[in-house]
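# Architecture and fold: a report
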Amino acid sequence: MPSKLVELEIARPGVFGVNTSASGDVMPKEYSVKADNFVFSDEGYLEARHGSLRTHASGVTGTVRKIYETKNELGADLIIFATATKIYRKTAGAPVDITGTAVCTAGNWKFSNLNNEIFGTQAGHAAIKLGTPSSGVFAPATFTGTDKPTEINIIDSMAAFGRLWHLYDDKLTYSSLLLPEDYDPTGADAGYFNLTASYLKGKARPTAISEFNGNLLVFTDNHVTVWESPFNPNGTTTGVTPMGVLETIGGVGCVARDSIQYTQNDILFLSEQGITSLSRVVQEKSMPLNRYSDNVKSDIQGLIREVDTDTIWSAYLEAKGIYFIGSPSSTKAYLIDTSGALPDGSYRTLTWSKTIHEMEVVHEGQLTASDDAWAAVLISDEASYLSQCKGYNDYTPNNGIGGSSYLLTWESAWSSILEDFENYLKMPKKLGVVVKGTGAVNFAINLAFDYGDFTDSKARTATLTLSSPATYGTATYSVSTYGGAAAIRESKFMGFGSGRIMKTKITSTVDGNNISMQRVSIKSKIGKQS
């Protein structure tokens, strides 16, 4: 039996992200059972997520439910956003109300830009149109022709292949080429497909449409149909294969329209089994054995059960390879790092504990020189405001002063310290935490033993003064813009308690300053074999 202390070192706490699917098991020390309000730094450490900075001073009417980025007819960047009753154009100053004569009673719009005109559709509403995106306002769209869609039944719409496409009533309708309001099959080249013949077992609930690799995808709740040659939907182009079903893949479907996101070479979407890759579905011709959300499988399936799937939103931050998903009816959002798989084939996952009503990632041209990649994330996390992921306080006024603090929580997996002493009693004598950050950082460390709960009164606390923070807590490409380079410090504590296995919990309140967890050390005396 060793007389010296035996050390459990976690060099990069939470580097493998959260694994709630095996939270009751002894897992590799790189996993966590909780890693909340963090992001992964470029160096692979957990660090605080950014807070939210309002993009405008005065509030708008209602809570932002939809954000859409596109180009206007002049080729300039355009962001519009919608609440339940209003639609606004984002400007450098106050948002401009562009609702016009459009009738809005819900904010679940699907916006599409075709030929420099923006169309909006959603179930229960007439279609609307923004004819002059740079300066105009919305008005009712005027769909004409015998094959026009039943507007109030539209499930999804998109602009692709030079046409406006609509999914509704087991039909896939397409407009005339470059004429998004013309649905005349005789005078032009509009038309529709009856989807019932393509449904597996003749029955399905259509949920979404998308474009991928020159094909058109129709998602239902239990299968995906791939349609080829959407450039020639009515077969009138000589020498080109008429549009038709290429293949139908059963056993997997999409349950939420707005869960679909394009990555660099794939499409991700939410199925009943979790976050799913289209490429792997096509390759394996069925539900893949591994999904991006397997480490939080029960959590994602709980989200599907507990919220209206029409409210589920998603976003993809290409610069970080992060897929986000959540719902305004949930107090938790999920971040999945799609940039590379872990050794067991799963993907790193984190959570944010906050209610996010909507999220959209804008391209880098929208950012300023002092912004980092996270500033491309626009969110709606409070009524009346469109905000940007920036700084280290939530709900910060657009002058950068004030805001609310938020709590970081990291909880390790259960660990027996070393395999050689798996069945021996451990008595922690020394605890060490290394953190990196700016400003004054407070945190607490706690231990639990043998599948018991944490006792809050036993937590060890510390406050470290690291360095002066940069303006708004931002930096360009991890290099501080206005001074306040991050510093690294270690705090040491007396250990406590005993048990055969243990887990560690660290909490820290973020209030204007960043913090990154670098290392956790637990030195224990080894007792009797149990």
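Below: a short report on this structure. Everything numeric in this text was worked out from a predicted model, so none of it was measured.

Let us look at the packing of aromatic side chains. Evaluated as defined, the whole model comprises 20 aromatic pairs. Look at F111 and F138: their rings are 5.9 Å apart centre to centre, the planes differ by 40°, and that puts the pair in the tilted class. Remark: F138 occurs in strand β13 (residues 138-140) and F111 occurs in strand β10 (residues 110-114); sequence separation between them is 27 residues. With 6.3 Å between their ring centres and 85° between their planes, F161 and W165 make a pair best called edge-to-face. Since its relative accessible area comes to 0%, W165 is described here as buried. Each residue in the set F161, W165, Y174, F193, W227 and F231 is aromatic and connected to the rest through ring pairs, giving one cluster. Lying over the aromatic face of Y45, R12 brings its terminal NZ or CZ to 4.6 Å of the ring centre.

What follows concerns the nonpolar core. In this structure, L270, F324, W352, M359, W374, V377 and W410 are the most contacted members of the largest nonpolar core, which totals 78 residues. Broken down by element, the residue count for this core peaks at five residues, all from strand β34 (residues 440-449). Those residues in contact with W374 that sit more than four places away from it in its chain are V39, H50, L317, K320, I322, F324, L335, W352 and C389. If you look at the next biggest cluster of nonpolar residues, it comprises 15 residues, including Y174, F193, Y199 and L216.

Counting through the fold element by element, G107 comes out in the loop between β9 (96-97) and β10. As a C-alpha pair, G107 and K66 span 41 residues in sequence and 6.3 Å in three-dimensional space. When sequence neighbours within four positions are dropped, the list of residues in contact with G107 reads R65, K66, T83, A84 and Q122.

Rules used in this analysis
- Residues numbered from 1 in each chain as written.
- Predicted model: local features only at pLDDT ≥ 70, side-chain atom pairs only at ≥ 80, totals over all residues.
- Heavy atoms only, no water.
- Phe/Tyr/Trp six-rings, centres within 6.5 Å; stacked < 30°, edge-to-face > 60°.
- Helix = DSSP H or I, 4+ residues; strand = E, 2+ residues; numbered from the N terminus.
- Buried < 20%, exposed > 50% of the residue type's maximum accessible area, 1.4 Å probe, protein only.
- Lys NZ or Arg CZ within 6 Å of the ring centre and 35° of its normal.
- Core = buried A, V, L, I, M, F, W, Y, C linked by side-chain atoms within 4.5 Å.
- Contact = heavy atoms within 4.5 Å.

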